[in-house]
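Commentary on secondary and tertiary structure
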Amino acid sequence: MRLLAAAARQPNTPHPLLAALRRLLSTATSSSYYDPTAQFLHPDHRRVLSLPASLRHDALLALARLLKTSPQCHLALHAVSGGSPYSSPLAARFAAASRLSASASALRPFAAILLAALLPAASADLLSWSSSSSSGCARARYAALRLALHAFLAAGMAAEALHVLARVRRSGNTPSLSALAALLRLLFRGGEVRAAWNVFEEMAARGPRPSLAIFNAMLLGFCHRGMLRLASGLLGVMENKFGVVPDACSYNILIKGHCVFGWSGDAFKLFEEMCTSGRDPTVMTYNILVDVLCHEGRMVEARKLFDEMAQVGIKANTITFNVLIDGYAKTGRMDEASTAYKEMIVRGLVPDSCTFNILAAGAYKFGHNAAQLLVHDCGMSGSHISAAERLDVLVCRLCWDGRLDDAWELLHGAIEQGVPVSVAGFNALIAAYSKEGLHEAAFQLYRIMNKLGLAPSTHTFNYLIMGLCHQGRLDEAQLVLEHMVSKGYCLSTSFTIYLDASFREGDAVRALKCWDDMEKIGLQPDFIAFSAYVNGLCRLDYVNEAYQAFFEMTTRGLVPNNITYNSIISAFCRAGNMAEALKLQKQMRQSGLVPDVYTSNILIDGLCREGNLNMVDSLLLDMCSNGLIPDTVTYNTIINAYCSAKDMNGAMNFMNKMFAAGCEPDIFTYNIWMHSLCSNHMLNQAGKVLDELAARGCAPNSVTYNTLMDGICSDVLDRAMILTGRLIKMAFQPNTITLNVFLSHFCKQGFGKRALMWAEKLREDSFVFDDATRNIIDWAQREMENDPQASKEDIDRCLFLEFLMFMTYETMHNSRSSKATHVPTDKGFDPAGSNMMTILDTG
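The present account deals with the structure reproduced in this document. Note that the structure is predicted; figures quoted are calculated from it, not measured. (Residues numbered from 1 in each chain as written. Predicted model: local features only at pLDDT ≥ 70, side-chain atom pairs only at ≥ 80, totals over all residues. Heavy atoms only, no water.)

With that settled, the discussion passes to the overall build of the protein. Across its full length, the protein holds 46 helices and 0 strands. Here the protein holds 843 residues, and 49% of them are scored as buried. Contacts in the protein between residues far apart in sequence, at least 24 positions, make up 64% of those at least 6 positions apart. For the protein, the accessible surface area stands at approximately 39,900 Å², while carbon and sulfur atoms represent 54% of it. (Helix = DSSP H or I, 4+ residues; strand = E, 2+ residues; numbered from the N terminus. Buried < 20%, exposed > 50% of the residue type's maximum accessible area, 1.4 Å probe, protein only. Contact = heavy atoms within 4.5 Å. Areas by Shrake-Rupley, 256 points an atom, 1.4 Å probe, with all protein chains shown as cover.)

As a further point, take the pattern of salt bridges. One pass over the full model with this rule turns up 18 salt bridges. Across the pair arginine 169 and glutamate 202 runs a salt bridge whose closest N-O atoms are separated by 3.7 Å. Of the two residues, arginine 169 sits in helix H9 (residues 158-170) while glutamate 202 sits in helix H11 (residues 193-206), which places them 33 residues apart along the sequence. The salt bridge involving arginine 298 is made with glutamate 301; its shortest N-O contact spans 2.8 Å. Bridged by salt links that share partners, the residues Arg303, Asp307, Glu343 and Arg347 form one connected network. (Salt bridge = Lys/Arg side-chain N within 4 Å of Asp/Glu carboxyl O.)

On to the packing of helix H30 (residues 527-539) against helix H32 (residues 562-574). As a packed pair, H30 and H32 sit with axes 9 Å apart at the nearest point and diverge in direction by 15°. Comparing the axis directions of H30 and H32 gives the class roughly parallel. In terms of crossing hand, the pair formed by H30 and H32 is left-handed. Of the residues in H32, those touching H30 at Phe527, Ser531, Val534, Asn535, Cys538 and Arg539 are Thr564, Ser567, Ile568, Ala571 and Arg574. A class-by-class count of the residues in the contact of H30 with H32 yields 5 nonpolar, 4 polar and 2 charged. (Axes fitted to C-alpha atoms, helices over the stretch in contact; angles between N-to-C directions. Parallel < 35°, antiparallel > 145°, perpendicular 65-115°, else oblique. Left-handed = near helix turned anticlockwise from the far one by under 90°. Nonpolar A, V, L, I, M, F, W, Y, C, P; charged D, E, K, R; others polar.)

Next up on the list: the packing of aromatic side chains. According to the stated counting rule, one finds 18 aromatic pairs in the structure shown. Note on phenylalanine 503 and tyrosine 533: the rings are 6.1 Å apart at their centroids and 50° apart in plane angle, and the pair reads as tilted. Placement of phenylalanine 503 in helix H28 (residues 492-504) and of tyrosine 533 in helix H30 is noted, with a sequence separation of 30 residues between them. A single burial state applies to phenylalanine 503 and to tyrosine 533, both of which are buried. Counting every residue linked through ring pairs, the aromatic cluster contains Phe188, Trp197, Phe200, Phe215, Phe222 and Phe242. Across the ring face of phenylalanine 654, the terminal group of lysine 657 is positioned such that the distance to the ring centre comes to 4.5 Å. (Phe/Tyr/Trp six-rings, centres within 6.5 Å; stacked < 30°, edge-to-face > 60°. Lys NZ or Arg CZ within 6 Å of the ring centre and 35° of its normal.)

Following both chains from N to C, one finds helix H37 (residues 648-660) and helix H38 (residues 667-679) inclined at 160°, their axes separated by 12 Å at the closest point. Relative to H38, H37 is oriented roughly antiparallel. In the packing of H37 onto H38, the handedness of the crossing is left-handed. For the pair H37 and H38, the contacting residues are Met648, Ala651, Met652, Met655, Met658 and Phe659 in the first and Thr669, Tyr670, Trp673, Ser676 and Leu677 in the second. The residue inventory of the contact of H37 with H38, partitioned by class, reads 9 nonpolar, 2 polar and no charged.

In structure tokens form, the structure reads like this:
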């Protein structure tokens, strides 16, 4: 497998970025990374079980002091941590952990983690030991129950923790607030909302009295599950019934919950309530609100709120700038993203790996050179960035450069050497694998994350879903989505990815079910989800439904951007409802948006389809007066319309305007022009167009050749055969359309027998036939049945044409037998030997 092969590969000359791993190793030995539990755990548990960073210092000091003063401590550590779960009596190991816990309060979490490493294998034994009446006095029994409770919580075993909690209650003791807060978080994470509520009700009835931390845990749990009404009700109960005053964290949780589930209007009402009630907003409050405005495309309001922070004395941090830069980058406003990045540096803030990811994505998507330079600066600057963040930056850079093997090698080396790794680095590589269609490698990396104890984020699953959707594996993507729902992940972006993929696959039923499911689970679509929904309906030509969704989007306060307007305008144009399309363009201007070149091209195409060329001229003038420069697509659309109307002078007039404006025609321009000339039997002029192509270095494609061939075949078939032979020498690759042109003209000119003969020869050569080819063959057979006798003159002419067709067939056969696939390029097209006037005059 590619993932494992990359891990084993050792390059002869490491790239400078890979060499940076050694520097990361030298900076990763800081005491802030040292976990005293790591050396006492089996390697499989070291990443899964660890002390919180806030507790490590006190635990380390207490352990060092105990090792110096108590010889029994060595024996206890050896007893509880050595070997497999059954290498020594479990009761002795439990008792040893209990002695460690009793020796110092700072060692209680440490002892609980040592016991958690024995679980789940020793679960039944631990439950039995903790409740045994022979454990000693009541105080000792409570200590044993408390230790078991914390061990089960550390191991993530909610059912067993509830069982121990019930025994604590029955023994007449009161559990600690820290244990109950941890239990509530664990229950909500597993989706056991009813059980969490029962624990809270029991606290209210029997104690301990819920604290601010408990209420915040409840608020967070309800918001994660989308139960915003319950969370809002609980906020009122806190102060009125329990006398617990909500803090900024309480409001931030609720504001974030409303933003995540699409209720940004209510989020801003909570923000106003927070300010009027005397709770000062924090930088996190502003980060949440700026982020939701950016996601809704309301960048002017986002910047205004960002500037307000400085006015109220709150300093923006790296996250604030990341949110703002991301908003600009996602809307393609890379100049403003670059300006915000520079402002970030001026303020003395250090970019992190997220900053790099945002700028890199924008630079690669929109081809912004300045942004790419900023990405380089971001990746190499910041001596104060932690080892994990610098590792993330290096992994991200390699992924964006397409060097996935090197990125995995760097990440794998960091894991082997003990360098701290984060979810961000894994997410970058998972995203890169998914983008390349390497879904097995992406899921393998996801499994490695889990084994290391790194909890996957919403982005992790989004990248996995995106990879599956790109391959059309929507059923598997749906399973991942259902897993996210069951685990309480933030789902807005996930559903949007799945919704957009369903529309792209043309599966309207699946897409509409996805939209309904969002409502069922209480997820309010945000600006991006609505845009994807409107665009998907437009793509499948559900115009009325798209307009209804568009209207609902605006009534919810979500401001459509140019892309959304262009989608709905294009749908109306395809449906022939130009009045509504033009009305939307006017509405677009009134909402403060400036129609772009794409908008104008869509409207011009719609008017051209209706043949309303006078209004096309008016729209073109309006376009130029608003500072928009017509592009090649604009001119091609108009030229094609004039050609379809048989107005060659009008078409030539716009060709001249195109040249005068400095807009270079492309191969589509020439194909349109050549098709019109051939349709009007102006074959000499068509030949001159092909000569002009050669002079301008624009390589003809199969459409160019087939258009010319069809026109010449309609005129003189034997000249077409000679032309084909010469064109093949100029790197022309005959395709199925070319074959159909020849065979159809054989039939039109009474050579049905020869059409059948050549169809048979080409079938033997495995030439690809389509439905049109089979219809022509049927036509030739009917011609033969109706006229079985051919004149001598026709037979003689057929023999001459057969010789020419044979030469063409040999060239086609040799070309198809060649191992190398030749693609016509400028070098393959020989201007010196391709004068079409000479070819057309032959015969």
